[in-house]
Amino acid sequence: MFRIGFGTDVHRLVAGRKLFLGGVEIPFEKGLLGHSDADVLIHAICDALLGAAALGDIGKHFPDTSSDFAGIDSKILLRKTTDLLRTAGYTVVNVDATICVQRPKLAPFIEQMRHTLAPLMDIAVDCMSVKATTTEKLGFEGREEGISAHAVALISSR
């Protein structure tokens with residue numbers, strides 16, 4: 001049996017924080033504000049996976065009210081999400097994700113993101129798609145106020 005899930009996340013860009021996307025530190029003058037490292041791409045992927053398995057969302061499993069997750073590396077959250085799916089009898093088939101950001105340009109980091117994310121979900125790199133797009137200077141992403149990410153995941157029962 002196959003199941004599909006969709007996830008989305010948004011975080012504000014602020015000075016004084018490092019920028020992490022897809023588990024990769026991106027050189028930039030701003031970073032994303034959040035309880036964890038605020039990696040919007042990983043958070044969207046976690047929500048897509050959890051949604052596909054009907055296990056709720058990232059906030060249910062890793063609440064921002066818990067000190068256990070303060071400043072946590074989102075790669076840990078993705079690994080824990082994959083473990084939750086495995087416990088529920090599912091495996092990840094593939095993930096397709098898009099980051100919406102005006103700046104910085106992410107093309108030089110896409111392959112590193114794919115190679116970082118795929119092993120965390122126990123999938124081949126060619127089963128992890130990451131894309132980046134601008135919003136043509138429209139909306140909060142275009143004004144460089146924040147970054148959003150969207151992901152679709154396909155999972156299967158074992």
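Before reading further, recall that the structure is shown in the block above.
The rules behind each value
Residues numbered from 1 in each chain as written. Predicted model: local features only at pLDDT ≥ 70, side-chain atom pairs only at ≥ 80, totals over all residues. Heavy atoms only, no water. Pairing = 2+ DSSP bridges. Helix = DSSP H or I, 4+ residues; strand = E, 2+ residues; numbered from the N terminus. Axes fitted to C-alpha atoms, helices over the stretch in contact; angles between N-to-C directions. Core = buried A, V, L, I, M, F, W, Y, C linked by side-chain atoms within 4.5 Å. Buried < 20%, exposed > 50% of the residue type's maximum accessible area, 1.4 Å probe, protein only. Contact = heavy atoms within 4.5 Å. Phe/Tyr/Trp six-rings, centres within 6.5 Å; stacked < 30°, edge-to-face > 60°. 1 Å grid on protein atoms, 1.4 Å probe; cavity = no way out; pocket = protein on both sides within 12 Å on 5 of 7 lines; lining within 4 Å. Points joined across faces, edges and corners; volume = space filled by probe spheres on them. Nonpolar A, V, L, I, M, F, W, Y, C, P; charged D, E, K, R; others polar.

## Quick look at the sheet that holds strand β6 (residues 128–133)
Neighbouring strands of a sheet are bound in pairs by backbone hydrogen bonds; such pairs are parallel or else antiparallel.
In step 1: Spatial ordering of the open sheet is given by β4-β1-β7-β5-β6, a layout of five strands whose pairing is mixed. Either end of the sheet is taken by a strand with one partner, and the two such strands are β4 (30–32) and β6. In this sheet, adjacent strand axes meet at a mean angle of 25° when their direction is disregarded.
In step 2: Relative to β6, strand β5 (residues 90–100) is paired through six bridges, and the arrangement is parallel.

## As for the nonpolar core
In step 1: Grouped together as the largest cluster of nonpolar side chains are 48 residues, with contacts concentrated most on I45, L49, M113, M121 and M128.
In step 2: Among the secondary structure elements, those contributing two or more residues to this core are β2 (19–21), β3 (24–26), α1 (40–52), α3 (74–87), β5, α4 (110–120), β6 and β7 (146–157).
In step 3: The dominant element in this core, judged by the number of residues it contributes, is α1, at ten residues.
In step 4: Discounting residues that sit within four places of it in the chain, I45 has contacts with L78, V95, A97, L117, M121, M128 and A151.

## Considering the environment of T81
In step 1: Along the chain, T81 turns up in helix α3.
In step 2: A residue is classified by how much of its surface remains accessible, and T81, at 0% relative accessible area, is buried.
In step 3: Separated by 34 residues in sequence, T81 and D47 have C-alpha atoms that sit 8.9 Å apart.
In step 4: With residues near it in sequence (within four places) discarded, T81 still touches C46, L49, L50 and F62.

## Some thoughts on the packing of aromatic side chains
In step 1: Taken as a whole and judged by the stated rule, the model has one aromatic pair.
In step 2: Ring centres of F62 and F69 lie 5.5 Å apart, and the angle between their planes is 80°; on these two criteria the pair is classed as edge-to-face.
In step 3: Given the relative accessible area of 13%, F69 is considered buried.

## Observations concerning the pairing of strand β1 (residues 2–15)
In step 1: Bridge count for β1 against β7 is eleven bridges, and the pairing is antiparallel. Among the inter-strand pairings, F6 is bridged to a residue of β7, identified as V152.
In step 2: Examined bridge by bridge, β1 and β4 share three bridges and lie antiparallel to one another. Pairing of L13 across the sheet is with L32, part of β4.

## Remarks on the layout of surface pockets
In step 1: Its boundaries defined by the atoms lining it, the largest pocket holds a volume of some 250 Å³.
In step 2: Taken together, 15 residues make up the lining of the largest pocket; nearest its centre are H35, H43, I58, F62 and D64.
In step 3: At the level of elements, β1, α1 and α2 (58–61) are the ones that each hand at least two residues to the lining of the largest pocket.
In step 4: Tallied by class, residues from the lining of the largest pocket come to six nonpolar, six polar and three charged.

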